[in-house]
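Now for the letters of each chain:
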Amino acid sequence: MKRLVILISGRGSNMEAIVQACAAEGWPATVAAVVSNRPDAAGLAFAAARGIATAVVDHKAYGSREAFDAELARVVDGFSPDLVVLAGFMRILTPGFTARYARRMLNIHPSLLPAFTGLHTHERALAMGCKVAGVTVHFVTAELDHGAIVMQAVVPVQPGDDAQALAARVLAAEHRIYPQSVRWCVEDALAWDGDAVVHHRGGAPQQLLLD
Ligand code: NHR
Ligand code: GAR
């Protein structure tokens, strides 16, 4: 059984989607823990109610990013993860932390990378007049939102969309591609081709087009 540790900062709906798919589809994996940098993250209650271990490492209690990341790594390592899953985790991680979990840490980012790295992706996509938007699952490297892409979903931008409406459409796509991506990892279905990731069993489509 592969051990997953999921890092959250808030609502945790992607974490929920992964916990539910793991149980419903019988993955060879267990969610060993859900860890938040915010004590008030709503997702902690869902995890605890499912009997999943939870932990909080409050970034406000540490004097530097290095000190926070050192404690976060100590806590995460305590759960012996095979895969670390960032699911709405909102703290930029230091190069020491990303190196420790190289090729075994995923993130979901609500844009079609490499467009719109960083925050406020939906506002920025609308301000640019983008006609499509989407979401990307990628491996985490030191450079923010630049690691190898596992899967992307494309959704239309509709006339009259505001950031909230677009975010909701993108979130529905997130809940489809993040569990799928994590499942591929726990099933060892992904392979590295240099710095890129390919699905090596039957060429499963790594993109999802929604309308
Ligand atoms: N860390 C590294 N090194 N590389 C990545 O690819 C990372 C990462 C940490 C988080 C998720 C993320 C995203 O999907 C992620 C990817 C937070 C910020 C940010 O600016 C940016 C990107 C992401 C998450 N955070 C502020 C900070 O000062 C705090 C914002 C807040 O607390 O609300 O860390 O885009
Ligand atoms: C998701 O839309 C995720 O893509 C995004 O935050 C939301 C978290 O929702 N992540 C980022 O913006 C990372 N910078 P959730 O807590 O319900 O999963």
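Here, every reference points to the structure presented above.
Anyway, here's the lowdown on the structure attached to this text. Keep in mind that what you see is a predicted model, and the values were worked out from it rather than measured.

Criteria and cut-off values
Residues numbered from 1 in each chain as written. Chains lettered and ligands numbered in written order. Predicted model: local features only at pLDDT ≥ 70, side-chain atom pairs only at ≥ 80, totals over all residues. Heavy atoms only, no water. Phe/Tyr/Trp six-rings, centres within 6.5 Å; stacked < 30°, edge-to-face > 60°. Buried < 20%, exposed > 50% of the residue type's maximum accessible area, 1.4 Å probe, protein only. Helix = DSSP H or I, 4+ residues; strand = E, 2+ residues; numbered from the N terminus. Lys NZ or Arg CZ within 6 Å of the ring centre and 35° of its normal. Near = heavy atom within 4 Å. Polar contact = N/O pair within 3.5 Å; in protein donor to acceptor, adjacent residues only side chain to side chain. Areas by Shrake-Rupley, 256 points an atom, 1.4 Å probe, with all protein chains shown as cover. Nonpolar A, V, L, I, M, F, W, Y, C, P; charged D, E, K, R; others polar.

1. Points about the packing of aromatic side chains
Turning to step 1, where the next piece is worked out: Per the counting criterion, the structure on display carries 3 aromatic pairs.
Turning to step 2, where the next piece is worked out: Each ring, one from Phe 97 and one from Tyr 101, has its centre 4.9 Å from the other, and the planes form 55°; the classification is tilted.
Turning to step 3, where the next piece is worked out: On the basis of relative accessible area, Phe 97 is assigned to the buried category, the value being 2%.
Turning to step 4, where the next piece is worked out: Ring centres 4.9 Å apart and planes at 50° place the aromatic pair Phe 139 and Trp 192 in the tilted group. Of the two residues, Phe 139 is situated in strand E6 (residues 132-139) and Trp 192 in strand E8 (residues 190-193); the sequence distance between them amounts to 53 residues.
Turning to step 5, where the next piece is worked out: Looking at Trp 192, the relative accessible area reads 31%, which means it is partly exposed.
Turning to step 6, where the next piece is worked out: Just above the ring of Trp 192 sits the side chain of Arg 103; from NZ or CZ to the centre is 3.9 Å.

2. A few points about the site of ligand 2
Turning to step 1, where the next piece is worked out: Around ligand 2, the structure places Arg 11, Gly 12, Ser 13, Asn 14, Gly 88, Met 90, Ile 108, Pro 110, Leu 119, Leu 171 and Glu 174.
Turning to step 2, where the next piece is worked out: Residue Glu 174 places a side-chain N or O atom 2.8 Å away from an oxygen atom belonging to ligand 2.
Turning to step 3, where the next piece is worked out: Notes on ligand 2: free accessible area 450 Å², of which the protein chains cover 84%.
Turning to step 4, where the next piece is worked out: Of the residues in the shell around ligand 2, the class split is 5 nonpolar, 4 polar and 2 charged.

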